[in-house]
Amino acid sequence: MHISPITADFLAVLALACAALTLVKVRLQRRSSTIFNGGILLAAGLAIAATLPFLSHLPWAELADEMSDQAIAALHFLEVTYVILTL
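Calculation notes
- Residues numbered from 1 in each chain as written.
- Predicted model: local features only at pLDDT ≥ 70, side-chain atom pairs only at ≥ 80, totals over all residues.
- Heavy atoms only, no water.
- Helix = DSSP H or I, 4+ residues; strand = E, 2+ residues; numbered from the N terminus.
- Buried < 20%, exposed > 50% of the residue type's maximum accessible area, 1.4 Å probe, protein only.
- Areas by Shrake-Rupley, 256 points an atom, 1.4 Å probe, with all protein chains shown as cover.
- Patch = residues over 30% accessible without salt bridge, like charges linked within 9 Å, V, L, I, M, F, W, Y side chains within 5 Å.
- Salt bridge = Lys/Arg side-chain N within 4 Å of Asp/Glu carboxyl O.
- Lys, Arg positive; Asp, Glu negative; His and termini not counted.
- Charge placed at Lys NZ, Arg CZ, Asp CG, Glu CD.
- pLDDT = per-residue confidence, 0-100.

1. Quick look at the overall build of the protein chain
Counting secondary structure elements, the protein chain contains three helices and zero strands. Mapped from its N terminus to its C terminus, the protein chain presents α and β elements in the order α-α-α. For the protein chain, with 87 residues in total, the buried portion stands at 10%. With an accessible surface of roughly 6,700 Å², the protein chain has 72% of that area assigned to carbon and sulfur atoms.

This is the structure we're talking about:
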């Protein structure tokens, strides 16, 4: 499967934005603060809105096929690891 470098870059930016939002959410939950405030929602909305036009150009069938192959490989790896650790 081939993803253009621009699309791959925007997917990476989206993943980083989601990771940053997750870290902020965890930090705020630990302090018993409001989980999401307006600034975080605005940043999330802008990140998603900036990425959506590029997501429409992805070959979704190939992407889903590749993701399922990766998930199966990860499950096989975990299974082998479990068997080795329980010997």
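2. Considerations on a nonpolar patch on the surface
On the surface, a nonpolar cluster with roughly 360 Å² of combined accessible area is contributed by Leu 75, Phe 77 and Leu 78. Inspection of the secondary structure puts Leu 75 in helix 3 (residues 60-85). Residue classification places Leu 75 among the exposed positions, given a relative accessible area of 57%.

3. What about a negative patch on the surface?
On the surface, a cluster of negative charge is contributed by Glu 62, Asp 65, Glu 66 and Asp 69. Secondary-structure assignment places Glu 66 in helix 3.

4. Quick word on the confidence of the model for the protein chain
Considering every residue of the protein chain, the mean pLDDT works out to 75; 79% of them sit at 70 or more. Here helix 2 (residues 38-55) is the element of the protein chain with the lowest mean pLDDT, 73, and helix 3 is the one with the highest, 85.

5. A look at the environment of Leu 11
Looking at the element boundaries, Leu 11 is found in helix 1 (residues 5-30). Separated by 43 residues in sequence, Leu 11 and Phe 54 have C-alpha atoms that sit 8.6 Å apart.

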